[in-house]
Structures are given as C-alpha cells and as structure tokens.
Amino acid sequence: MSGFFEIESLCSGYGQSEVIHGITMSVQPKEIVAIMGRNGMGKTTFFKTLIGAIKNTQGEIKLDGKNLEKLDAYQRVQSGVAYVPQGRMIFGTMSVLENIQTGLPASAHGKVPDDLYDLFPVLWDMRKRKGGNLSGGQQQQLAIARALATNPKVLLLDEPTEGIQPSIIKDIAKTLKEIRDQRDLTIIVSEQVLSFTMAMADRFLVLDKGRFAYENVKQNVDESTISKYLSV
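Here the structure is a predicted model, which means the values were calculated and not measured. (Residues numbered from 1 in each chain as written. Predicted model: local features only at pLDDT ≥ 70, side-chain atom pairs only at ≥ 80, totals over all residues. Heavy atoms only, no water.)

A. Spatial organisation of the pairing of strand S3 (residues 32-36). Burial within S3 is extensive, with five of its five residues counted as buried. Burial of the side chains of S3 extends over both faces: Ile-32, Ala-34 and Met-36 are buried on one face and Val-33 and Ile-35 on the other. Note: S3 against strand S8 (residues 186-191), five bridges, orientation parallel. Counterpart to Ile-32 in the pairing with S8 is Ile-187. (Buried < 20%, exposed > 50% of the residue type's maximum accessible area, 1.4 Å probe, protein only. Helix = DSSP H or I, 4+ residues; strand = E, 2+ residues; numbered from the N terminus. Pairing = 2+ DSSP bridges.)

B. Main features of the packing of aromatic side chains. If you walk through the whole model with that rule in mind, you get three aromatic pairs. Seen from their ring centres, Phe-46 and Phe-47 are 6.0 Å apart, and the 75° between their planes marks the pair as edge-to-face. A residue is classified by how much of its surface remains accessible, and Phe-47, at 0% relative accessible area, is buried. What makes Phe-46 buried here is its relative accessible area of 0%. (Phe/Tyr/Trp six-rings, centres within 6.5 Å; stacked < 30°, edge-to-face > 60°.)

C. Molecular detail of the sheet that holds strand S1 (residues 5-14). With antiparallel pairing, the four strands of this open sheet are ordered in space as S2-S1-S4-S5. In this open sheet, the two strands that pair with only one neighbour each are strand S2 (17-27) and strand S5 (66-67). Bridge analysis of strand S4 (residues 58-63) against S5 gives two bridges, and the strand direction is antiparallel. Counted as the bridge partner of Lys-62 is Asn-67 from S5. Helix-sheet contacts for helix H1 (residues 43-51) involve S1, S2 and S4, and the interaxial angle to S1 is about 115°. (Contact = heavy atoms within 4.5 Å. Axes fitted to C-alpha atoms, helices over the stretch in contact; angles between N-to-C directions.)

D. Spatial organisation of unusual backbone geometry. A positive phi angle, close to 50°, is found at Ser-9, a residue other than glycine. Relative to the elements of secondary structure, Ser-9 occurs in strand S1. A residue is classified by how much of its surface remains accessible, and Ser-9, at 32% relative accessible area, is partly exposed. The backbone of Lys-209 sits at a positive phi, close to 55°, despite the residue not being glycine. By secondary structure assignment, the location of Lys-209 is in the loop between strand S9 (203-208) and strand S10 (211-217).

E. A look at the layout of surface pockets. Space inside the largest pocket adds up to approximately 320 Å³. Considering the residues around the largest pocket, the lining is formed by 16 residues, among which Val-77, Tyr-83, Arg-146, Ala-147 and Thr-150 are closest to the centre. Here the lining of the largest pocket is composed, by residue class, of twelve nonpolar, three polar and one charged. Here the second largest pocket defines a volume of roughly 170 Å³. Along the walls of the second largest pocket sit 13 residues, with Leu-119, Gln-141, Asp-171, Ile-172 and Thr-175 positioned nearest its centre. Among the elements of the structure, helix H6 (136-148) and helix H7 (166-183) are those that each provide at least two residues to the lining of the second largest pocket. Looking at the lining of the second largest pocket, the element that brings in the most residues is H7, giving six residues. Among the residues forming the lining of the second largest pocket, the class breakdown is five nonpolar, five polar and three charged. (1 Å grid on protein atoms, 1.4 Å probe; cavity = no way out; pocket = protein on both sides within 12 Å on 5 of 7 lines; lining within 4 Å. Points joined across faces, edges and corners; volume = space filled by probe spheres on them. Nonpolar A, V, L, I, M, F, W, Y, C, P; charged D, E, K, R; others polar.)

Taken by themselves, the reported measurements are silent on function.
So this is what it looks like as structure tokens:
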C-alpha cells in the first residue's frame with residue numbers, strides 16, 4: 001500500500017466560473033497535509049474535484065502514478081480515494097452499522113472489520129442506534145469510519161471540525177494520527193481551525209481565491225501568517 005497523491009495544474013469550477021486556478025501539489029505516502037483557508041476560497045470545490053463530484057477542466061490527478069481525472073467518483077473510491085464531505089452526510093434514518101456497511105466492498109459480506117470499532121469504540125456501543133440520533137462528534141466519527149471501510153490509500157476530509165465541541169476536536173486530531181499510523185494512510189484535511197491542524201498535520205498550505213498563497217512544514221510554520229489568511 002502506497003498513497004503518493006499528485007495534483008498537477010488543476011483547474012475546475014462551475015460552468016463558466018473557474019474557482020480553482022492551476023493548483024499543483026504532491027502529497028507523500030503517510031503524510032498529513034492541511035489545506036487552510038476561510039470560507040469561499042475554494043477548499044470544498046478543490047476537494048469535490050479531487051473525488052470527482054466536479055470534473056476538472058484542466059490538469060491531472062494521480063494516485064500512485066494512476067490518472068484519476070477521467071474516472072467517476074465511485075471509480076476513484078475503488079482506486080483508493082475516500083472522502084468525508086463537509087456536513088458529514090451520514091444516513092440519518094439508517095443505523096450506525098448500516099451506515100458503515102455502505103462503505104464496505106462486496107467481498108466483506110457486510111462484516112465490519114474489528115479494527116474500525118477499535119478506532120471508534122463509541123460506534124460499537126451505538127451500532128444499532130440511528131445515525132441521526134448521534135451527536136455531531138459521533139456523526140463525524142461515523143463518517144470517517146464509513147470512509148475507512150472502503151480501504152483507502154488517501155483520505156480527504158472537508159472541514160471535519162465544523163459544528164463539533166472543542167473537547168471532541170482534540171480527540172479527532174489524535175484519532176486521525178492513529179489512523180495514519182495504523183493504516184499507512186495519506187490524509188488531506190481542509191480546515192479553518194488552526195489549533196486542530198497544528199495538532200496533527202505535517203505540512204500546511206493556505207488556499208486563497210483558488211490558489212495556494214502559503215506553504216510550509218509544521219516545524220517552520222508561521223501561525224500568525226496563516227491566521228491572517230483565516231481572518232475575515
């Protein structure tokens with residue numbers, strides 16, 4: 001399992017309106033990269049383009065050397081890219097177990113791997129409960145577990161701390177680092193909460209008006225510079 005993710009000269013948007021302007025980046029296997037930026041700067045459009053919900057107009061998206069940009073979203077999932085969307089998008093009327101099962105490959109025959117419940121013990125305790133009855137933090141754990149059920153090489157998370165209590169945010173950062181180490185996962189997180197990304201990311205990029213305006217590794221990152229881009 002590798003997880004070398006490459007984006008080259010990527011452009012995308014909606015109709016005639018281009019939102020992402022020629023983005024290039026590469027993410028090493030097992031690296032956690034934070035894409036920072038305030039609302040309206042293109043983070044969600046960028047992630048939707050990577051997963052295939054929006055087709056790019058130019059550029060390449062590669063995972064371990066394989067081109068993904070002509071593939072549909074479900075084919076990208078099969079190729080090893082998993083996506084936890086903003087707002088989590090779990091199935092509220094289905095049980096926790098059923099939600100996770102929607103991510104499982106057919107070969108699993110509906111059996112959830114034990115290591116998923118080891119990562120998220122609360123989901124085992126609540127496996128029969130409806131997804132819509134979980135707290136925001138529990139729903140986020142469920143959304144991540146569902147994504148991990150697809151056995152990805154790359155995990156994309158769009159604004160995972162949105163609507164979650166500060167005490168739970170620290171737990172999610174810790175869990176994501178554990179997931180990276182246990183599953184050799186490459187993780188890309190779009191986020192506005194700097195304390196959350198500082199707790200887990202190896203490298204930081206700031207997206208501003210559809211382009212990267214700042215990049216640095218964690219040990220050299222200038223938090224005040226990033227904060228300026230995040231302030232409205």
